[in-house]
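Each chain is listed here by its residues.
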Amino acid sequence: MSNWIINQGLSAFILVVWMGINIFLFVYFYLFYDLGPQFEYTRELLGSALPWARAPAAVLNFNCMLILLPVCRNLLSLLRGSFICCGRTMRKQLDKNLTFHKLVAYMIALMTAVHTIAHLLNAEWYTNSFQGRYGPLATKLSMLGDSRELNTTYLNPVRSNSTTPTILVFTTIAGLTGVVITLALILMITSSMEVIRRSYFEVFWYTHHLFIVFFAGLVFHGAGRIVRSQQVTDPPHNNSLCENQLENWGETADCPVPQFAGGFPQTWMWVIGPMIIYLCERLLRFIRYMQPVSYRKIVIRPSKVLELQLVKPGFKMQVGQYVFLNCPAISQLEWHPFTMTSAPEEDFFSVHIRLVGDWTEKLIKMVENLPEGGQGPKMAVDGPFGTASEDVFDYEVSMLVGAGIGVTPFASILKSIWYKFKDSDPKLRTKKIYFYWLCRETYAFEWFADLLQVLEKDMEERGMRDFLTYKLYLTGWDQSHVNHAMVHFDKETDIITGLKQKTSYGRPNWDREFEQVQQENPSSVVGTFLCGPQALAKDLEKKCVKYSDVDPRKTKFYFNKENF
């Protein structure tokens, strides 16, 4: 439990606080509308559907206030920079922004379903009350109209026997905007499924921009003031006395005609702040979009990986950060994230782009068709943005785990280490790095092996061979690979990478790896960094908990994962 608290305690606390606020809002507003005397006559028409509609609305207001904040990348980068003076645990929470974004979206979807069902029942009961199906009191309340002479206001929005629930939904502001909001939400959620996001990213990207329609409908949704409450009159209307004296309403001083009014719309007050912040975010992205970007070098590698070396005036980066790229020749709206593989010490920044999906396929084809010496297509860059890998130099010992193209942030880190050693940087705290790279195909090692060879040679010359321990794993192989390796087993260098460290076949035994790190660093705080699939993340997170010692003087593992 103590180890779990080390790695997950603050995340769990934030989750509990968020859920607690949601529960409080739901219970508070449910009781407010279920027991409030100003809604006694409204409940006569709608019954329990009234609190079941209004309580989710309060929860929706709160979560719609939160939903945009986790995707404000510049805001998160600003906060990450502000938390430098704080513990790394606080900064780690910012790396879980998309996880929190999804949680908030799930809550919005759930509350929207409850809110919609309750209001559909309300529409049915409004029409039934007007048609006199629920007794004389409900009928009397439904017949109240806007009469200046009698100083009354209506309670039931249904004003004609020909009005059906469907007509009510599609002829009121609340109904129309509710339909638009719900349809936009359904499209956004369904297109966010993992299978669609991975295979049809463009579908996800375009439908997700329906959030503009969603928020526009949300702001106007309450303008119709369809749920109304009883107002205080002079003399007051005594409900308990007058509900049995319907014929005396407006005839005696004890029973004046009750007056009703819709509540002031409040949703806009919840969301206006985040909407302004997000608008500033998009404005900043547009300014960056307009800034010129030039090519330093373009390399197409055999492993279907495109390397772009780019230059942008005033661009400054840190290790492990990522940028969003936009190619107007392909689409002016699509932006895709790529981790930078260059080091901050270099006068350019680079990205490695693997062929996955339509956008990358079109980009690589455009580059392949360029004339020799020609400049690439116009490219816009937004960023850089911070990630968990920025904190790698805050640890004395770091474990870096990359899967396939997920090695990109660690290329930046290892390059930066090489420059720091070259310049004898006194600020370098890191004393030991363990690097693991898992690949399915042999050619995937090709573009990164050169950097490892340079590092391997440099560390050896400086007498620091033990500083960097790296292990490469080929996870996709057949018997021919093994036979080839057996024939050349006596070679000093690996037959696949040309490195002195031989490639292993299969997957790492993580228990053995963590035990080794623990034994070699008995009193260190070890940062474990992953850029790879979720299944591997769960496994490594469990190992960090398992091998962290409760004793503060012994080894502790902190898990960090790249999130886009």
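One numbering rule holds for all chains: residues counted from 1, following each sequence as written. Per-residue local features of the predicted model are confined to residues with pLDDT of at least 70, and side-chain atom pairs are confined, for both listing and counting, to 80 or more; whole-chain, interface and lining totals are unaffected and use all residues. Where side-chain values are given, they derive from all heavy atoms of the structure, hydrogens and water being excluded.

All right, on to the overall build of the chain then. Within the chain one finds 20 helices and 14 strands. We call a residue buried when its accessible area falls under 20% of the maximum for its residue type, exposed when it is over 50%, and partly exposed in between, using a 1.4 Å probe and counting protein chains only. Here the chain holds 564 residues, and 48% of them are scored as buried. Whether two residues are in contact is decided by their heavy atoms: any pair within 4.5 Å suffices. Of the contacts formed within the chain by residues at least 6 apart in sequence, a portion of 75% connects residues at least 24 apart. Note on conventions: DSSP H or I runs of at least 4 residues are helices, E runs of at least 2 residues are strands, and numbering of each starts at the N terminus.

This paragraph deals with the nonpolar core. Side-chain atoms within 4.5 Å link the members of a nonpolar core, which is a set of buried Ala, Val, Leu, Ile, Met, Phe, Trp, Tyr and Cys residues. Among the nonpolar cores identified, the biggest contains 27 residues, and C64, I108, F214, F215 and L218 are the most heavily contacted of them. Breaking this core down by element, the ones donating at least two residues are α1 (2-35), α3 (49-66), α6 (97-130), α9 (173-190), α12 (211-221) and α14 (267-290). Per element, the largest residue contribution to this core is six residues, and it comes from α3. Residues F393, L414, M459 and L472 belong to the second largest nonpolar core, which totals 26 residues.

The next point concerns the sheet that holds strand β5 (residues 322-326). Ordered by their spatial adjacency, three strands build an open sheet running β6-β5-β8, and the pairing between neighbours is antiparallel. Among the strands making up the open sheet, the edge pair consists of β6 (336-339) and β8 (380-385). Taking each pair of neighbouring strands and ignoring which way they run, the sheet shows an average axis angle of 30°. Here, any two strands with at least 2 DSSP bridges between them count as paired. Strand direction decides the pairing type here: β5 and β8, joined by four bridges, are antiparallel. Counted as the bridge partner of L325 is V381 from β8. Axis definition: a line fitted to C-alpha atoms, limited for helices to the stretch in contact. Angles are taken between N-to-C directions and run from 0 to 180 degrees.

A pair of aromatic rings is counted whenever rings of Phe, Tyr or Trp (Trp by its six-membered ring) have centres within 6.5 Å, and the orientation is called stacked for planes under 30 degrees apart, edge-to-face for over 60 and tilted otherwise. By the definition in use, this model includes 27 aromatic pairs. Seen in terms of ring centroids, Y322 and F385 are 5.7 Å apart; in terms of plane orientation they differ by 45°. Their pairing is tilted. Taken together, the residues Y322 in strand β5 and F385 in strand β8 connect sequence positions 63 residues apart. Taking the relative accessible area as the measure of exposure, Y322 reaches 8% and is therefore buried. Think of it as a cone above the ring: NZ of Lys or CZ of Arg counts as a charge over the ring if it is within 6 Å of the ring centre and within 35 degrees of the ring normal. Above the face of the F324 ring, R73 is positioned so that its terminal group lies 3.6 Å from the ring centre. Lying across the ring of Y434, K432 places its NZ or CZ 5.0 Å from the centre.

A patch consists of residues exposed above 30% relative accessible area that lack any salt bridge, with like charges linked at up to 9 Å and nonpolar side chains (Val, Leu, Ile, Met, Phe, Trp, Tyr) linked at up to 5 Å. Residue-level accessible areas treat just the shown protein chains as cover; the underlying method is Shrake-Rupley with a 1.4 Å probe. A side-chain nitrogen of Lys or Arg and a carboxyl oxygen of Asp or Glu constitute a salt bridge if their distance falls within 4 Å. Residues M19, I23, V27, L31 and L35 make up a contiguous nonpolar surface patch of roughly 450 Å² in combined accessible area. With respect to the helices and strands, the residue I23 is situated in helix α1.

The rule for a disulfide is simple: a pair of cysteine sulfur atoms within 2.5 Å. The final tally for this structure, using the stated rule, is one disulfide. A sulfur-sulfur distance of 2.2 Å marks the disulfide that ties C242 to C255. For the disulfide bridge between C242 and C255, the dihedral angle about the S-S bond is near -100°, and by the sign convention the bridge is left-handed. In this pair, C242 is assigned in helix α13 (residues 239-242) and C255 in the loop between α13 and β2 (260-262), connecting sequence segments 13 residues apart. For C242, a relative accessible area of 0% translates into the label buried. Since its relative accessible area comes to 0%, C255 is described here as buried.

Moving on, we get to helix α11 (residues 201-208). Listing the buried residues of α11 in full gives F201, E202, F204, W205 and T207. Of the surrounding secondary structure, the elements contacted by the buried residues of α11 are α9, α10 (194-199), β6 and α15 (357-368).

UniProt positions are given in the numbering used here, feature names are shortened, and annotations may be inferred rather than shown by experiment. The UniProt entry lists residues 12-33, 53-79, 100-121, 167-191 and 203-223 under the feature "transmembrane region" (unreviewed entry), expressed in the numbering used here. Span residues 53-79 is 78% helix and 0% strand, its end C-alpha atoms 36 Å apart. Across residues 100-121, the secondary structure splits into 100% helix and 0% strand, with the terminal C-alpha atoms separated by 32 Å.

Another aspect to go through is the pattern of salt bridges. Overall, the coordinates contain 10 salt bridges when judged by the stated rule. In this structure, E194 and R197 form a salt bridge, with 2.8 Å as the shortest nitrogen-oxygen distance. Of the two residues, E194 and R197 both sit in helix α10, three residues apart, roughly one turn of that helix. Classification of E194 as partly exposed rests on a relative accessible area of 40%. We note a salt bridge from R285 to D382, for which the minimum N-O separation is 3.8 Å.

Attention now goes to the pairing of strand β4 (residues 305-311). The buried fraction of β4 amounts to six of the seven residues, a majority that puts the element mostly inside the structure. Bridging between β4 and strand β7 (residues 349-354) involves six bridges; their strand directions are antiparallel. Within β7, the residue paired with L310 across the bridge is F349.

So, on to the environment of F393. Within the secondary structure, F393 sits in the loop between β8 and β9 (397-403). Dropping the residues within four chain positions of it, F393 is found in contact with V319, I413, S416, I417, K420, L428, R429 and T430.

Here we take up the packing of α12 against α14. Viewed as axis vectors pointing N to C, α12 and α14 meet at an angle of 150°, and their least axial separation amounts to 10 Å. What the angle tells us is that α12 and α14 run roughly antiparallel. The hand of the α12/α14 crossing is left-handed. Together, F211, F215, L218 and V219 of α12 and T267, W268, V271, M275, Y278 and R282 of α14 make up the contact between the two elements. Reported orientations rely on four angle classes, namely roughly parallel under 35 degrees, roughly antiparallel over 145, roughly perpendicular from 65 to 115, and oblique for the rest. By convention, the crossing between two helices is left-handed when the near helix turns anticlockwise from the far helix through less than a right angle, and right-handed when the turn is clockwise.

Another aspect to go through is helix α16 (residues 408-422). Taking 1.5 Å per residue as the helical rise, α16 with its 15 residues ought to reach 21 Å, and the 21 Å between its terminal C-alpha atoms agrees with that figure. Of all 15 residues making up α16, 13 are buried, and the element is well covered by its neighbours. One or two positions beyond α16, positive phi appears at S424, with a value near 55°. Helix span is expected to be 1.5 Å times the residue number reduced by one.

Residues with a pLDDT of 70 or more make up 88% of the chain, whose mean pLDDT is 83. Known as pLDDT, the predictor's per-residue confidence is scaled from 0 to 100. Averaged pLDDT values for the elements of the chain fall to 59 in helix α18 (residues 479-487) and rise to 95 in α3.

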